[in-house]
Amino acid sequence: MFWSAPLSADLMTSPAAVAIDARKAHYHWQRSLTLALTKRVGDAAQAAHRAVELAPDNAFYALHLAHLLSSQGDARGGLAALDRVLALDPENLDALRQRAVLLSHQGDVDGAV
């Protein structure tokens, strides 16, 4: 079924939305996506952190966290999340590209190459 009405940010980001099963990383990842779409990037990063804590072997969640942290200007946190992605998936092109961009912005051109 197609939902044409816009989602209420209050509904989708409320603790009740995650309380369905807060033990599942997927719910925190979905909450993070919704928060990011509503420009609540700090809250989105917190939810993404929780998803990564619950599913530490999920490179996709770690990559999402890296994007959020980087967009907030947290290069160190972004690089740590990218290192986690690359430990899990050494050929992840998105992580390799984003890591190179972050390192080059920090002036580490040799590390970026």
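Everything here concerns the structure above.
In what follows, the accompanying structure is described. (Residues numbered from 1 in each chain as written. Predicted model: local features only at pLDDT ≥ 70, side-chain atom pairs only at ≥ 80, totals over all residues. Heavy atoms only, no water.)

Quick notes on the packing of aromatic side chains
Inclusion rule: A pair of aromatic rings is counted whenever rings of Phe, Tyr or Trp (Trp by its six-membered ring) have centres within 6.5 Å, and the orientation is called stacked for planes under 30 degrees apart, edge-to-face for over 60 and tilted otherwise.
With the rule as written, the count across this model stands at two aromatic pairs. In this structure an aromatic cluster arises from ring pairing among Trp29, Phe60 and Tyr61.

As for the packing of helix H6 (residues 75-88) against helix H7 (residues 93-105)
To be explicit about the condition: Angles shown run from 0 to 180 degrees and are taken between the N-to-C directions of axes, each axis being a line fitted to C-alpha atoms and, for helices, limited to the stretch in contact. Each helix is a run of DSSP H or I of at least 4 residues and each strand a run of E of at least 2, with the numbering of both proceeding from the N terminus. If an angle is under 35 degrees, it is roughly parallel; if it is over 145, roughly antiparallel; if it lies from 65 to 115, roughly perpendicular; otherwise it is oblique. Each crossing is labelled by how the near helix is turned from the far one, with a counterclockwise turn of less than a right angle marking it left-handed and a clockwise turn marking it right-handed. In this description, contact between two residues means that some pair of their heavy atoms is separated by no more than 4.5 Å. Lys, Arg, Asp and Glu make up the charged group, whereas Ala, Val, Leu, Ile, Met, Phe, Trp, Tyr, Cys and Pro make up the nonpolar group; the residues left over, Gly among them, are polar.
Two elements in contact, H6 and H7, have axes separated by 10 Å at closest approach and are oriented at 150°. It follows that H6 is roughly antiparallel to H7 by the angle criterion. Seen from above, H6 lies across H7 with left-handed handedness. The segment H6 lies against H7, with Ala75, Gly78, Leu79, Leu82, Asp83, Val85 and Leu86 engaging Ala95, Leu96, Gln98, Arg99, Leu102 and Leu103. The residue inventory of the contact of H6 with H7, partitioned by class, reads nine nonpolar, two polar and two charged.

Focus on the nonpolar core
For clarity, the cut-off: We define a nonpolar core as any set of buried Ala, Val, Leu, Ile, Met, Phe, Trp, Tyr and Cys residues linked to one another through side-chain atoms lying within 4.5 Å. Here the term buried applies to any residue with accessible area under 20% of the maximum for its type, exposed to any over 50%, and partly exposed to those in between, with areas from a 1.4 Å probe on protein chains only.
Grouped together as the largest cluster of nonpolar side chains are 27 residues, with contacts concentrated most on Tyr61, Leu65, Leu82, Val85 and Ala95. For this core, the secondary structure elements donating two or more residues are helix H3 (25-37), helix H4 (41-54), helix H5 (59-71), H6 and H7. The greatest single-element share of this core, amounting to eight residues, is contributed by H5. Excluding its chain neighbours within four sequence positions, the residues that come into contact with Leu65 are Ala45, Ala48, His49, Val52 and Ala81.

Description of the pattern of salt bridges
Note the cut-off: By definition here, a salt bridge exists when the distance from a side-chain nitrogen of Lys or Arg to a carboxyl oxygen of Asp or Glu is within 4 Å.
Taken as a whole, this structure holds three salt bridges when the rule is applied. Between Arg50 and Glu53 there is a salt bridge; the shortest N-O distance is 3.1 Å. Remark: Glu53 and Arg50 occur in helix H4; sequence separation between them is three residues, near one turn of the helix. In this structure Arg50 comes out as partly exposed when scored by relative accessible area, which is 34%. Salt-bridge contacts for Arg99 lead to Asp83; the nearest nitrogen and oxygen are separated by 3.1 Å. A residue pair is termed long-range when its members are at least 10 positions apart, and Arg99 in helix H7 and Asp83 in helix H6 qualify at 16 residues. Taking the relative accessible area as the measure of exposure, Arg99 reaches 27% and is therefore partly exposed. For Asp83, a relative accessible area of 39% puts it in the partly exposed group.

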